[in-house]
Amino acid sequence: MPPRRTRVLLAASLAAVGLAIPVGVHAANGASVPPAPAAPVPEPAGSECRTAVDGSRVVAYCHNPYPSTDLVQLHTECARWWDVDADGAAVAVEPGRTVRLDDRCWKEVATAWVSHRPGPA
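K.L.:
Give a description of the nonpolar core that names residues and reports values.
P.N.:
Core analysis: the biggest nonpolar cluster contains 12 residues, these being Val58, Ala60, Cys62, Val72, Leu74, Cys78, Val93, Val99, Leu101, Cys105, Val109 and Val114. Among the secondary structure elements, those contributing two or more residues to this core are strand 2 (57-63), strand 3 (70-78), strand 6 (98-104) and strand 7 (109-118). In this structure Val58 touches Thr51, Ala52, Val53, Leu74, Thr76, Leu101, Asp102, Asp103, Val109 and Ala112, once residues within four positions along its chain are discounted.

So this is what it looks like as C-alpha cells:
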C-alpha cells in the first residue's frame, strides 16, 4: 500500500508543479512589461447654443468658449407638410465669439436644432 500512496502523492505534486509554473512565468512576464501609454485626452471643443422658437421664427445664439473654431449650422423643420424645411449655411464661431443664427417657416416651426463640426485650423 505505501508504494501506491507514494506514487499518487508524487503524481499529485508533479501536477501541482506543472500548473504552478505557467502561472509563475505569466506573473513574471507581466511584471516586466511596462504599462501601455494612456490614450490622449481630446481637447474640449464646440459651441454652446441656445435656440428659441417664437411662432414661425427661430433664433439661435452660439458661443464658443474653447480655443478652436467651431462650425455651426441651424436646421429648421416646419410643421406644415407644404412648408419648406431649411438647413442654414454653416457659420464659423471663432474662439471667444458669439454668433446669431435665424430662420423662419411660413407657419409654425416643428423643431429646430444646431449641428456642430470642427472648423478650419
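Next, the rest of the story.
K.L.:
Before we move on, can you summarise the pattern of salt bridges with the specific residues and values?
P.N.:
If you walk through the whole model with that rule in mind, you get 3 salt bridges. Here Arg50 and Glu48 are joined by a salt bridge, their closest N and O atoms 2.9 Å apart. Arg50 gets classed as exposed once you look at its relative accessible area, which sits at 60%. The class of Glu48 is partly exposed, set by a relative accessible area of 47%. For Arg80, the salt bridge goes to Glu108, with nearest N and O atoms at 2.8 Å. You can see Arg80 sitting in the loop between strand 3 and strand 4 (86-87) and its partner Glu108 sitting in the loop between strand 6 and strand 7, a full 28 residues away along the chain. A residue is classified by how much of its surface remains accessible, and Arg80, at 34% relative accessible area, is partly exposed.

K.L.:
Tell me about the sheet that holds strand 6, and name the residues and values.
P.N.:
Judged by pairing direction, the sheet is antiparallel, and its 3 strands sit side by side in the order 1-2-6 without closing on themselves. Edge positions in the open sheet fall to strand 1 (48-54) and strand 6, since each of these has one partner strand only. Across this sheet, the average inter-strand angle for adjacent strands is 15 degrees, counted without regard to direction.

Thresholds applied
Chains are numbered independently. Their residues run from 1 in the order of the written sequence. Selection of residues for local features in this predicted model requires a pLDDT of at least 70, selection of side-chain atom pairs for listing and counting requires 80 or more, and totals for whole chains, interfaces and linings are taken over all residues. Calculation of side-chain values draws on the structure's entire complement of heavy atoms; hydrogens and water are dropped beforehand. Nonpolar core, defined: a set of buried Ala, Val, Leu, Ile, Met, Phe, Trp, Tyr and Cys residues in which side-chain atoms within 4.5 Å join the residues together. Note on classification: 1.4 Å probe, protein chains only; a residue is buried when its accessible area is under 20% of the maximum for its type, exposed when over 50%, partly exposed between these limits. Starting at the N terminus, helices and strands are each numbered in turn, a helix being any DSSP run of H or I of at least four residues and a strand any DSSP run of E of at least two. We call two residues in contact when some of their heavy atoms are within 4.5 Å. By definition, a salt bridge exists where a carboxyl oxygen of Asp or Glu is found within 4 Å of a side-chain nitrogen of Lys or Arg. Paired strands, as defined in this entry, are two strands with at least two bridges between them according to DSSP. All axes here are fitted lines through C-alpha atoms, helices being fitted over the stretch that makes contact, and every angle between N-to-C directions spans 0 to 180 degrees.

By themselves, these are just geometric observations and shouldn't be taken as functional.
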